[in-house]
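So you can see what is in the structure, the chains are spelled out below.
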Amino acid sequence: MRERHQLAPDAFVEMRIWRVPQSVRGSAHMFKYALVYVVAGECVLRYDNEAGKGDHRHIGDVEISYDFSTPAQLLRDFWADVDGWRRI
């Protein structure tokens, strides 16, 4: 999956999820992903599973572990955080 959605003149989300032949170091599943929410040129929210770090998310400057279960749940969680951020 690779999608980009413009949410406002200065805000967009970009989502990439793909299946990998073996799990990324630090993750226990067969997916690699990077989902970002960018506002005014700044990434304010990001979910990813960088090799060695495993599944996690960044909310502002804070990095938090993320419990990946399925790609569908990942998308639901990401959009819930985007909606939460947009209400701030």
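I will try to describe carefully the structure that is included in this document.

**A closer look at the overall build of the protein**
Along the backbone of the protein there are one helix and six strands. In the protein, the succession of helices and strands from N to C terminus is β-β-β-β-β-β-α. Here the protein has a C-alpha radius of gyration of 13 Å; the compact-globule value for 88 residues is 12 Å, and the two agree. Judged by the C-alpha coordinates and their principal axes, the protein covers about 40 × 25 × 20 Å. Within the span of the protein, comprising 88 residues, buried residues form 35% of the whole. A separation threshold of at least 6 residues defines the contact pool for the protein, and within that pool the share at least 24 residues apart is 38%. Counting only carbon and sulfur atoms, one obtains 51% of the accessible surface of the protein, whose full area is about 5300 Å². Positive and negative side-chain charges in the protein, numbering 12 and 13 respectively, have mean positions lying 5 Å apart.

**Thoughts on the side chain of histidine 56**
Inspection of the secondary structure puts histidine 56 in strand S5 (residues 56-59). At 3.1 Å, the side chain of histidine 56 and the side chain of histidine 58 are in polar contact.

**Focus: unusual backbone geometry**
Phi angles above zero are rare outside glycine, and alanine 40 is one such case at about 50 degrees. Residue position: alanine 40 is located in the loop between strand S3 (31-39) and strand S4 (42-48).

**Some remarks on the packing of aromatic side chains**
Using the criterion set out here, one finds five aromatic pairs in the structure. The interplanar angle of 35 degrees and the centroid separation of 6.0 Å between the aromatic rings of phenylalanine 31 and phenylalanine 68 together place this pair among those described as tilted. One end of the pair, phenylalanine 31, is in strand S3; the other, phenylalanine 68, is in the loop between strand S6 (62-65) and helix H1 (71-86), and 37 residues separate them in sequence. The same class applies to phenylalanine 31 and to phenylalanine 68, which are both buried. Three or more aromatic residues joined by ring pairs make a cluster, and in this case those are Tyr47, Tyr66, Phe78 and Trp79. When the ring centre of phenylalanine 12 is taken as origin, the NZ or CZ atom of arginine 4, which lies over that ring, is 3.6 Å away.

**Thoughts on the nonpolar core**
Ranked by size, the top nonpolar core spans 16 residues in total, and within it Tyr33, Leu35, Tyr37, Leu45, Tyr47, Leu74 and Phe78 carry the most contacts. At the level of elements, strand S2 (11-19), S3, S4 and H1 are the ones that each hand at least two residues to this core. If we skip the residues at most four places from it in the chain, leucine 35 touches Glu14, Met15, Arg16, Ile17, Leu45, Arg46, Tyr47, Leu74, Leu75 and Phe78.

Cut-off values and rules
Residues numbered from 1 in each chain as written. Predicted model: local features only at pLDDT ≥ 70, side-chain atom pairs only at ≥ 80, totals over all residues. Heavy atoms only, no water. Helix = DSSP H or I, 4+ residues; strand = E, 2+ residues; numbered from the N terminus. Rg over C-alpha atoms; globule rule 2.2 N^0.38 Å. Buried < 20%, exposed > 50% of the residue type's maximum accessible area, 1.4 Å probe, protein only. Contact = heavy atoms within 4.5 Å. Areas by Shrake-Rupley, 256 points an atom, 1.4 Å probe, with all protein chains shown as cover. Lys, Arg positive; Asp, Glu negative; His and termini not counted. Charge placed at Lys NZ, Arg CZ, Asp CG, Glu CD. Polar contact = N/O pair within 3.5 Å; in protein donor to acceptor, adjacent residues only side chain to side chain. Phe/Tyr/Trp six-rings, centres within 6.5 Å; stacked < 30°, edge-to-face > 60°. Lys NZ or Arg CZ within 6 Å of the ring centre and 35° of its normal. Core = buried A, V, L, I, M, F, W, Y, C linked by side-chain atoms within 4.5 Å.

Coordinates in, geometry out; function isn't part of it.
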